[in-house]
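These are the residues of each chain, in order.
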Amino acid sequence: MKESVALLVREAATLDAVADALGTAASVLTDLGNRAGGRRLRRMGRDQRVKALMRRAQAASLLGRELPAAEATGL
């Protein structure tokens, strides 16, 4: 169970890094005058942030289910 939580957290961190890179690229494109390309990259970045949020929510959900079981066993 802990391995799957760690995997989800790592994946969320990776998705956040991708979203940051897309935001930077969008700013560069917008500065160069390509507003349509900048908008597309910003939207892609938002999608990556939503995916990261969903991964974190999944991890929290798994931890929420795991913690009561650990308390019941006295660990």
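Report follows, based on the coordinates. (Residues numbered from 1 in each chain as written. Predicted model: local features only at pLDDT ≥ 70, side-chain atom pairs only at ≥ 80, totals over all residues. Heavy atoms only, no water.)

**Here we look at the pattern of salt bridges**
A pair can form between side chains of opposite charge whenever their charged atoms are brought close. Operational definition: Basic side-chain nitrogens of Lys or Arg form a salt bridge, by our definition, when they fall within 4 Å of a carboxyl oxygen of Asp or Glu. Only runs of H or I of at least four residues qualify as helices and only runs of E of at least two qualify as strands under DSSP, and these elements are numbered from the N terminus. Three labels apply to residues, based on accessible area from a 1.4 Å probe with only protein chains included: buried if under 20% of the type maximum, exposed if over 50%, partly exposed otherwise in between.
Taken as a whole, this structure holds 4 salt bridges when the rule is applied. Linking Arg55 and Glu11 is a salt bridge whose minimum nitrogen-to-oxygen distance equals 3.0 Å. With Arg55 in helix 2 (residues 35-73) and Glu11 in helix 1 (residues 2-31), the pair connects residues that are 44 residues apart, well separated along the chain. Take Arg55: its relative accessible area is 22%, and that puts it in the partly exposed class. Since its relative accessible area comes to 31%, Glu11 is described here as partly exposed.

**Topic: the environment of Leu8**
If you trace the backbone, Leu8 turns up in helix 1. You can call Leu8 buried: its relative accessible area is 12%. Sequence separation between Leu8 and Met54 is 46 residues; the distance between their C-alpha atoms is 9.3 Å.

**Thoughts on the environment of Gly38**
Just so we agree on the cut-off: Here a residue-residue contact requires only that any non-hydrogen atoms of the pair lie within 4.5 Å.
For Gly38, the location among the structural elements is in helix 2. Separated by 16 residues in the primary sequence, Gly38 and Leu22 place their C-alpha atoms 9.0 Å from one another. Residues in contact with Gly38, not counting those within four places in the same chain, are Ala26, Leu29 and Thr30.

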